[in-house]
Amino acid sequence: MENQDKIICSELFQKQRKVEVVLYPAVLAWKEIEKSSKRSSGTSESEHVQTVKVCEIVAVHKTEDEADAQLRSHPKRINQPSQQYPHAFTVSYVRRTRQHLWRCADVTFHCADQQICEQWVQVINEQLSLLTNRPKNLLVYINPYGGKRRGERIYEQKVAPVFRRAGIFTDVIVTERANHARDHLKMEANLDDYDGVVCVGGDGMFSEILHGLVTRIQTDHGVDQNQPDAELVPCSLRIGIIPAGSTDCICFATQGTNDPVTSALHIVVGDSQPMDVCSVHHNGVFLKYSVSLLGYGFYGDVLTDSERNRWLGPARYDLSGFKTFLSHNYYGGTVSFLPADDNVGHPRDKLQCRSGCRICQHKHSSKDEHDEASEEKEKPAEDSDRGWSVIHGKFIAINSASMSCACPRSPKGLSPSAHLADGTTDLILVRKCSRLDFFRHLLRHTNNDDQFDHWFVEVHRVRKFRFQPWHPDLAPLEDASEHPESPDLSPISSLQETYDDRTAESSWNCDGEILHHTAIQVSVQCQLIRLFARGIEEQQDAEVAV
Ligand SMILES: CCCCCCCCCCCCC/C=C/[C@@H](O)[C@H](CO)NC(=O)CCCCCCCCCCCCCCC
Ligand SMILES: Nc1ncnc2c1ncn2[C@@H]1O[C@H](COP(=O)(O)OP(=O)(O)OP(=O)(O)O)[C@@H](O)[C@H]1O
Ligand SMILES: [Ca+2]
């Protein structure tokens, strides 16, 4: 074994082939140097170098007694290379397969000398111990009733083995009721014992973890969540999501796939993805946090209806989506919003948020916002509305997407160019239109066409917004801002007969939960939390230059 300038190099055996294995400061590389007689092609060295970044090594361990075991089962194979090289170590590492899927792969190297074998294990472990962003202790919450009720099985069969291999200690809590995880985090859990919290479930379960953690941190720091302008304290613990729900849009939009093993590996390598959180208030009283969709009208009605059919599992959303589509309700109200600065782009600029996103890396200082907020308070009432835009109208849907909300139903999401951590949310207003038009709009969530390219849809990137449903007595008689040539091509007009658009109210779908108030104020808290994720990777970088 050579050890010059921290580069370690040995000739070892892998699958009966002689390989040169090199450990650079951040990369493990190996290449075949002599082909076995069966596969001889006349060359003495293969050019194919395999590489693994050290930060993507899950673990290394001595492969105990492998040679002894082989000897016992195949005594005649005594002359095979693995018998000549009886000591071995196995490196487990992240291998990218298709479509953002990660798998844990193993490579075993054999050698003649026990000391060399042990040295290899030691030096790789030394390099791994320098990776301080890796979690060692995790608190895991499993919702046994999320999605298709497979949470416990998914964790035991697919996730726990990866954590064990990486030497991560876990405390596992299988929830016994709704809000069990939230309340435990809020009041009981000793957060100092952990480097992160893992959520096994869907978006609703994630919402529990989010509320438990954020509320706990604010309480510990004496921050009053009821103050809409309070500067919230970011959470130092990262959250990992093992998808086991119905939509799992937070997992999909931050990893590009809903796969438990991929999630487990992002946790093991200690990824960190900051994320915006919207705080929702009603008349100065805190209601909820949201990280994905705040939807009034269509998505509020879909959720309300789907709650009655929970037993159907994930299919409940399709049934309720279909029913809500047929009802074709629209709702009057006033939306006011504070547009975002120009440096965060526009919802239609087609610049998608990807791993290492430049727009999200730009420091959107919460301090500036705070100072601005306190200045705002001192200004006269009419001045505090400066910069705000106001829109009155009848809407089929009002959606605020703080991230793309990509999910298997809509792989590009509700707002394909929304950013995970830019301090803004994309406010999508879908005005009253015909069923056929709304159908076209929905359909575009599933293909490459621009779902915002309709006369009845507008989209704004905003830092704050408010919604006020029309009070029956105060509702304007005509909606002046509506498109002048907007024929309602609705073929099912009888369904509308009992529907009074001047009194009707929908409800807000807040990350899959119903809000009990319709008049709300929403403010984006830039990068309030961090996930064990890295955003969607642009391309699969299988090979690393060394
Ligand atoms: C023609 C096909 C059009 C398909 C259009 C699909 C658009 C789907 C957009 C999905 C956006 C999900 C946003 C994520 C929200 C989560 O925080 C939340 C909690 O998990 N999930 C839902 O509220 C669950 C929301 C689930 C919504 C499902 C809506 C299904 C609509 C079906 C309309 C059928 C029309 C058929 C007409 C013949
Ligand atoms: N032990 C439990 N019993 C009943 N409900 C629970 C339990 N643990 C958690 N819950 C609640 O179950 C609800 C749904 O869970 P989850 O989000 O995991 O699945 P889902 O609704 O199928 O998926 P999605 O939110 O992705 O659509 C959550 O709101 C959560 O509060
Ligand atoms: Ca955002």
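To be clear, the structure that these remarks concern was listed above.
Right, let's walk through the structure included here.

About the cut-offs
Residues numbered from 1 in each chain as written. Chains lettered and ligands numbered in written order. Predicted model: local features only at pLDDT ≥ 70, side-chain atom pairs only at ≥ 80, totals over all residues. Heavy atoms only, no water. Patch = residues over 30% accessible without salt bridge, like charges linked within 9 Å, V, L, I, M, F, W, Y side chains within 5 Å. Areas by Shrake-Rupley, 256 points an atom, 1.4 Å probe, with all protein chains shown as cover. Salt bridge = Lys/Arg side-chain N within 4 Å of Asp/Glu carboxyl O. Lys, Arg positive; Asp, Glu negative; His and termini not counted. Charge placed at Lys NZ, Arg CZ, Asp CG, Glu CD. Helix = DSSP H or I, 4+ residues; strand = E, 2+ residues; numbered from the N terminus. Buried < 20%, exposed > 50% of the residue type's maximum accessible area, 1.4 Å probe, protein only. 1 Å grid on protein atoms, 1.4 Å probe; cavity = no way out; pocket = protein on both sides within 12 Å on 5 of 7 lines; lining within 4 Å. Points joined across faces, edges and corners; volume = space filled by probe spheres on them. Nonpolar A, V, L, I, M, F, W, Y, C, P; charged D, E, K, R; others polar. Near = heavy atom within 4 Å. Polar contact = N/O pair within 3.5 Å; in protein donor to acceptor, adjacent residues only side chain to side chain. Domains from an automatic or database assignment. Donors = N, O, S within 2.8 Å, 3.2 Å for Na, K, Ca; no water. Axes fitted to C-alpha atoms, helices over the stretch in contact; angles between N-to-C directions. Parallel < 35°, antiparallel > 145°, perpendicular 65-115°, else oblique. Left-handed = near helix turned anticlockwise from the far one by under 90°. Contact = heavy atoms within 4.5 Å.

Right, let's get into a positive patch on the surface. On the surface, K148, R150, R153 and K158 cluster together to form a positively charged patch. Along the polypeptide, K158 turns up in helix α4 (residues 151–165). Assessed through its relative accessible area of 41%, K158 is described here as partly exposed.

This part is about empty space enclosed by the protein. Summed over the entire model, instances satisfying the criterion amount to four cavities of 30 Å³ or more. Of the pockets and cavities examined, the largest cavity occupies roughly 40 Å³. Every element with two or more residues in the lining of the largest cavity is listed here: α9 (298–307) and α10 (315–327). Considered class by class, the residues forming the lining of the largest cavity number five nonpolar, four polar and one charged.

With that out of the way, let us pick up the site of ligand 2. In the vicinity of ligand 2, 22 residues are found, and the nearest of them are G147, T175, G202, E208 and S246. Take G202: an N or O atom from its main chain is 2.7 Å from an oxygen atom of ligand 2. One of the backbone nitrogen or oxygen atoms of M205 is found 3.0 Å away from an oxygen atom of ligand 2. At the level of elements, α6 (203–220) and α10 are the ones that each hand at least two residues to the shell around ligand 2. Examining the composition of the shell around ligand 2, we find that four residues originate from one element, α6, more than from any other. Among the domains, domain 2 (133–271) and domain 3 (276–356 + 387–526) are the pair contributing at least three residues each to the shell around ligand 2.

Positive phi, normally seen in glycine, also occurs at Q16, with a value near 65°. Among the structural elements, Q16 can be located in the loop between β2 (7–14) and β3 (17–23). The class of Q16 is partly exposed, set by a relative accessible area of 45%. A positive phi angle, close to 60°, is found at R149, a residue other than glycine. Counting through the fold element by element, R149 comes out in the loop between β9 (137–142) and α4. By relative accessible area, R149 is classed as exposed at 56%.

Let's shift gears to the coordination of the calcium ion (ligand 3). Bound to the calcium ion (ligand 3) are the protein donor atoms D276 (OD), S402 (O), H419 (O), D422 (OD) and T424 (O), situated 2.3 to 2.6 Å from the metal. Positions of the donor residues of the calcium ion (ligand 3), expressed as sequence spacing, correspond to D-x125-S-x16-H-x2-D-x1-T. Considered together, D422 and T424 belong to a single accessibility category, that of buried residues.

On to the packing of helix α5 (residues 180–188) against α6. In the contact formed by α5 and α6, the axes pass within 8 Å of each other and the chain directions differ by 15°. Classed by the angle they form, the pair α5 and α6 counts as roughly parallel. Viewed along their axes, α5 and α6 form a crossing whose handedness is right-handed. Across the interface between the two elements, H180, A181, R182, L185, K186, M187 and E188 of α5 pack against M205, E208, I209, H211, G212, L213, T215 and R216 of α6.

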